[in-house]
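What follows is the residue order along each chain.
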Amino acid sequence: MYKILKAEKLAEKIYLMDVSAPRIAKHCQPGQFIIAKIDEKGERIPLTICDYDRENGTITIVFQIVGASTLRMSEMKAGEAFADFVGPLGQASEWIKEDIETLKNKKMLFVAGGVGTAPVYPQVKWLHEHGIDADVIIGSKTKDLLILEDMMKEVAGNLYVTTDDGSYERKGMVTEVIKDLVVNQGKKYDVCVAIGPMIMMKFVCLLTKELELPTIVSMNPIMVDGTGMCGACRLNVGGEIKFACVDGPEFDGHKVDFDQAMKRQQQYKTAEGRAMLAAQEGDTHHGGCGNCN
Amino acid sequence: MDVLKKVPVREQAPDIRNHNFEEVCLGYNKEEAMEEATRCLNCKNAQCVKGCPVSINIPAFIDEVKKGNIEEAYKIIGQSSALPAICGRVCPQESQCEGKCIRGIKGEAVSIGKLERFVADWARENDIKPEKADSTNGKKVAVIGSGPSGLTCAGDLAKLGYEVTIFEALHEAGGVLVYGIPEFRLPKDTVVKHEIENVKSLGVKIDTNVVIGKSVTIDQLMEEEGFDAVFIGSGAGLPRFMGIPGENANGVFSANEYLTRNNLMKAFKEDYDTPIAAGKKVAVVGGGNVAMDAARTALRLGAEVHIVYRRSEAELPARAEEVHHAKEEGIVFDLLTNPKEILVDENGWVKGMKCIKMELGEPDASGRRKPVEIEGSDFELELDTVIMALGTSPNPLISSTTKGLEVNKRACIVADEEFGRTSKEGVFAGGDAVTGAATVILAMGAGKAAAKGIHEYLSNK
């Protein structure tokens, strides 16, 4: 069992947990993910690592309620435990292997969207700890859904926050901020790392391609085992089949077929949605969709 | 009784079992088993033993069954096999022990598999446990993977007094026995879990949720965690796809995904959260055991199912019994047929598959006649789900993170057959990680060989 040491609601439907998992905390790197499973009947849920504490042997995860299992997960409290918690899975961010002096000469721009702010954090923190300050853009639908702003402020160079509805800081999409920084302010970046909803990553990539700014994205497709066995997470990257779990989750964003990836993301939408409704409505759930009893 | 024929085994009727996930074959009872045992000629130079990858003393155990000494029969099997209830169910007996049986020359071979199954089931029902080593020798061995090769290797080493820890990447022990082979062929709670408990009762520790190469590497296990030797039985790996257009459409699954969702994640049980796209009309591409398992699973989830295979029936690599059962249950076999393209609707879902008819030409490198396209024979199958059961390619997780571990050009780990020795000192390997996708019993044979290899290595160290 993997004990939850802290459970906190960050925003509507978004939660943070510190989980005791010494083996993972000892070896994980920014960019990698874990798979959590609540109990015997839960799904295997892949989540990118948000933070880790090697000394205390803990992993921090941030998740949003999207289906029956994440809903149940949100109800778990400190002191309770996951039946299963496995990792670290996937490849670490590519730039971690680079020579630190070369890296210091690179100007990096991180673009975080929504709950994608969580996996951006350990990368920016790692850079900060190695004496590199990266610029960070956080995009959120609205002020209330913005997460990890203070933590990010501590480790980022410049932090730009934008909300779709203008309820906090700038108004508009993250792409508008990128355009403003690069085109209007003439800032030069060597690489962009964009993590967030697939639709956001798609539009960031369309823009950075135009700006000739190399861009890395972190893909979060449907997965089962997370070790390469099932192939559910396959993506078309530059015309080749890649498995997000073993080849990724980070890829060259300019090569990813986002339209196909987004369609694949929908694959279990109806079934998951139904399971969620059934869980929410409990005994009062009678279907009506023709698929439930 | 007709001595030329096997005592028939009771099965669920085809039109009942194709709606449930209960085991198809019900097995012999004691009377039936004892009667079948009388058909064994107790050959001095027993050919059946030579056909068995773990060399079970078959005539000896059958002789005990004949006398009604089932516990004694279980002990004899236990000297060679740690997982008899499983092997009795999933071994391809027709090409192994039963394929060599003298009875088979004129009539039907002795039903060795069903007898083995009976003995193991009887032992379980009567709570007979395998015998544990008297004391440990203080030497630590890590076994990677809790599938058939890992369980066998661990069991054998524990009996010799080693302290064995199995590391399993998934949340449940058993490897392909739990994620791959379906419930109706190999019941999980009664049979698989029990065999794993037996291995544990020998003193073997199983650590789940540890991905070797990620959570910890082999070098770290040996240098930091004090393991004296390591056995790699990590299994087959990444599912293959055909590389035809439309293959990433929604509704195209690898057999691994489809089976894992259903077997390991129990999608067929309503109280589990796991979703599965059951499909209404399903094509399974491939002709091996995995293809049969996926097809029969889809059928039980309510679909009309076609097996699409590019060669003819004679070349189907699946066990004869699986093909026979699949046909009985109503699966359609589209043989000498090869997919060319998966047709996709405007929402990205499968709507059909373009296929072409094949004929058999000259034998190819595998010795089987090579299928050749018949020009102009294209046709379309209307479908909503396609399951690819085309085999696997090795998982690089371990080979890419272990210093000095040699792989061959197919990326399989190189290990000798006799003792499972790899290019790295103290590291042994066997099963699908070495051979590519094969059978449960061959993996068990390799696990056994490696246990011998490890014992020899550590005894002389």
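As a reminder, the structure under discussion sits directly above these lines.
All values reported here derive from a predicted model rather than from experimental measurement.

Peer 1: Just to check I follow, could you spell out the overall build of chain A for this structure?
Peer 2: Each helix and strand counted, chain A has 10 helices and 16 strands in total. Whereas a compact globule of 293 residues would reach a radius of gyration of roughly 19 Å, chain A reaches 19 Å, a difference of no more than 12%. Projected onto its principal axes, the C-alpha coordinates of chain A cover approximately 60 × 45 × 40 Å. The proportion of buried residues among the 293 residues of chain A is 55%. Taking all contacts inside chain A whose residues are at least 6 apart in sequence as the whole, residues at least 24 apart take part in 64%. Summing over all exposed atoms, chain A offers an accessible surface of approximately 12,600 Å²; the carbon and sulfur share of this is 48%. Each charge sign in chain A was given a centre, from 34 positive and 41 negative side chains, and these centres are 3 Å apart.

Peer 1: Got a minute to help me understand the sheet that holds strand β12 (residues 191-195) of chain A in this structure?
Peer 2: Pairing between sheet strands relies on hydrogen bonds along the backbone, with the strands arranged either parallel or antiparallel. Residue and element names in this part refer to chain A. Strand order across the open sheet formed by 7 strands is β11-β10-β9-β8-β12-β13-β16, with mixed pairing between neighbours. Taken across any chain shown, the strands that pair with only one partner, and hence form the sheet edges, are β11 (170-171) and β16 (250-252). Note that strand β13 (residues 215-218) and β16 share 3 bridges and pair antiparallel. Counterpart to Ser 218 in the pairing with β16 is Glu 250. On the sheet, helix α6 (residues 174-184) packs against β8 (108-113), β9 (135-140), β10 (159-163) and β11 and is oriented at approximately 150° with respect to β9.

Peer 1: Even after reading the chapter, I still don't get unusual backbone geometry, so can you show me in this structure?
Peer 2: For residues besides glycine, phi is generally negative; the peptide bonds are generally trans as well. Residue and element names in this part refer to chain A. Here the residue pair Gly 87 and Pro 88 is connected by a cis peptide bond, since its omega of -5° sits within 30 degrees of zero. Tracing the sequence through the fold places Pro 88 in strand β7 (residues 84-89). Put simply, Gly 248 and Pro 249 share a cis peptide bond, and its omega is 10°. Assignment of secondary structure puts Pro 249 in the loop between α8 (244-247) and β16. One non-glycine residue, Lys 13, lies in the positive phi region at around 70°.

Peer 1: Could you clarify how one ought to interpret the interface of chain A and chain B in this entry?
Peer 2: Accessible area lost upon the coming together of the parts serves often as the stated size of an interface. Taken residue by residue, the interface counts 45 residues in chain A and 47 residues in chain B. Around 3,800 Å² of area is buried between chain A and chain B when both sides are counted, 51% of it from carbon and sulfur atoms. Broken down residue by residue, the surface that chain A buries against chain B is led by Arg 23, Met 229 and Tyr 268 of chain A, which jointly contribute 20%. The tally of links between chain A and chain B comes to 3 salt bridges. Here Lys 26 of chain A and Glu 224 of chain B are joined by a salt bridge, their closest N and O atoms 3.7 Å apart. Taken together, chain A and chain B are joined by 18 residue pairs in polar contact (both at pLDDT 80 or more). Breaking the side of chain A that touches chain B down by element, the ones donating at least two residues are α1 (22-27), α2 (68-74), β7, β14 (234-237), β15 (240-243) and α9 (258-265) of chain A. Counting residues per element, the side of chain A that touches chain B draws most heavily on β7 of chain A, which supplies 6 residues. When the residues that make up the side of chain A that touches chain B are grouped by side-chain class, the tally is 18 nonpolar, 14 polar and 13 charged.

Peer 1: Got a minute to help me understand helix α13 (residues 255-262) of chain B in this structure?
Peer 2: Since one α-helical turn is 3.6 residues long, residues separated by three or four positions face the same way. Within α13 of chain B, 8 of the 8 residues are buried, which leaves the element mostly enclosed by the surrounding structure. Three or more residues of α13 of chain B are buried, namely Ala 255, Asn 256, Glu 257, Tyr 258, Leu 259, Thr 260, Arg 261 and Asn 262 of chain B.

Peer 1: I tried to follow the environment of Arg 17 of chain B on my own but got confused; where do I start?
Peer 2: Residues and elements named next belong to chain B. Secondary-structure assignment places Arg 17 in helix α1 (residues 14-17). In sequence terms Arg 17 and Tyr 309 are 292 residues apart; their C-alpha atoms lie 24 Å from each other. Look past the residues within four positions of Arg 17 in its chain and what remains in contact with it is Glu 11, Gln 12, Val 24, Arg 300, His 325, Glu 328 and Glu 329.

Peer 1: How should I be thinking about the side chain of Thr 402 of chain B in this particular structure?
Peer 2: Residue and element names in this part refer to chain B. Mapped onto the elements, Thr 402 comes out in the loop between α16 (396-399) and β18 (427-429). Relative accessible area serves as the criterion here: at 6%, Thr 402 is assigned to the buried category. A polar contact is formed between the side chain of Thr 402 and the backbone oxygen of Ile 398, at a distance of 2.8 Å. Look past the residues within four positions of Thr 402 in its chain and what remains in contact with it is Ile 218, Asp 219 and Lys 424.

Peer 1: Got a minute to help me understand the nonpolar core in this structure?
Peer 2: Generally speaking, soluble globular proteins have nonpolar side chains that are buried together. Ile 58, Phe 61, Ile 62, Val 65, Val 119 and Ile 454 of chain B are the most contacted members of the largest nonpolar core, which has 78 residues in total. Sort the elements by how many residues they give to this core and helix α18 (residues 440-459) of chain B lands first, with 8 residues. Those residues in contact with Ile 454 of chain B that sit more than four places away from it in its chain are Val 141, Cys 153, Leu 157, Tyr 162, Ala 229, Val 230, Phe 231 and Phe 428 of chain B. Counting 57 residues, the second largest nonpolar core, distinct from the first, contains Ile 38, Leu 47, Val 120 and Val 155 of chain A.

Peer 1: Please clarify how the side chain of Asn 18 of chain B should be interpreted in this entry.
Peer 2: Residues and elements named next belong to chain B. Within the fold, Asn 18 resides in the loop between α1 and β2 (25-27). On the basis of relative accessible area, Asn 18 is assigned to the buried category, the value being 12%. Among the polar contacts made by the side chain of Asn 18, one reaches the side chain of His 19 at a distance of 3.3 Å.

Peer 1: I would appreciate a short explanation of the sheet that holds strand β3 (residues 140-144) of chain B in the present structure.
Peer 2: All names here are of chain B. Reading across from one edge, β5-β4-β3-β6-β18 is the order of the 5 strands in this open sheet, with parallel pairing throughout. Unpaired on one side and paired on the other, β5 (205-207) and β18 mark the two borders of the sheet. Strand-to-strand twist across the sheet, computed as the mean angle between neighbouring axes with direction ignored, equals 20°. Here 3 bridges tie strand β6 (residues 229-232) to β18, and the two strands are oriented parallel to one another. When the sheet's bridge partners are listed, Ile 232 is paired in β18 with Ala 429. Those strands touched by helix α9 (residues 148-159) are β3, β4 (163-167) and β6, and its axis lies near 165° from that of β4. Packing against the sheet, α18 makes contact with β3, β6 and β18, and its axis sits at approximately 170° to β6.

Peer 1: What is the right way to look at helix α5 (residues 70-78) of chain B in this model?
Peer 2: Residue and element names in this part refer to chain B. Inspection of α5 places Ile 70, Ala 73, Tyr 74, Ile 76 and Ile 77 among the buried residues, and these make up the whole buried set. One side of α5 carries all its buried residues, which in axial view fall inside an arc of 160°. At its buried positions, α5 is contacted by α2 (30-37), α4 (58-67), α6 (84-90), α8 (112-125) and α11 (188-201).

Peer 1: Any chance you could explain the environment of Gly 453 of chain B here in plain terms?
Peer 2: Residue and element names in this part refer to chain B. Along the chain, Gly 453 falls in helix α18. Residues Gly 453 and Val 427, spaced 26 residues apart in sequence, show a C-alpha to C-alpha distance of 9.9 Å. When residues no more than four places from it in sequence are discounted, the contact partners of Gly 453 are Phe 419 and Phe 428.

Cut-offs and rules
- Residues numbered from 1 in each chain as written.
- Chains lettered and ligands numbered in written order.
- Predicted model: local features only at pLDDT ≥ 70, side-chain atom pairs only at ≥ 80, totals over all residues.
- Heavy atoms only, no water.
- Helix = DSSP H or I, 4+ residues; strand = E, 2+ residues; numbered from the N terminus.
- Rg over C-alpha atoms; globule rule 2.2 N^0.38 Å.
- Buried < 20%, exposed > 50% of the residue type's maximum accessible area, 1.4 Å probe, protein only.
- Contact = heavy atoms within 4.5 Å.
- Areas by Shrake-Rupley, 256 points an atom, 1.4 Å probe, with all protein chains shown as cover.
- Lys, Arg positive; Asp, Glu negative; His and termini not counted.
- Charge placed at Lys NZ, Arg CZ, Asp CG, Glu CD.
- Pairing = 2+ DSSP bridges.
- Axes fitted to C-alpha atoms, helices over the stretch in contact; angles between N-to-C directions.
- Buried area = accessible area lost by both parts, 1.4 Å probe.
- Salt bridge = Lys/Arg side-chain N within 4 Å of Asp/Glu carboxyl O.
- Polar contact = N/O pair within 3.5 Å; in protein donor to acceptor, adjacent residues only side chain to side chain.
- Nonpolar A, V, L, I, M, F, W, Y, C, P; charged D, E, K, R; others polar.
- Core = buried A, V, L, I, M, F, W, Y, C linked by side-chain atoms within 4.5 Å.
- Arc of directions from axis to C-beta.

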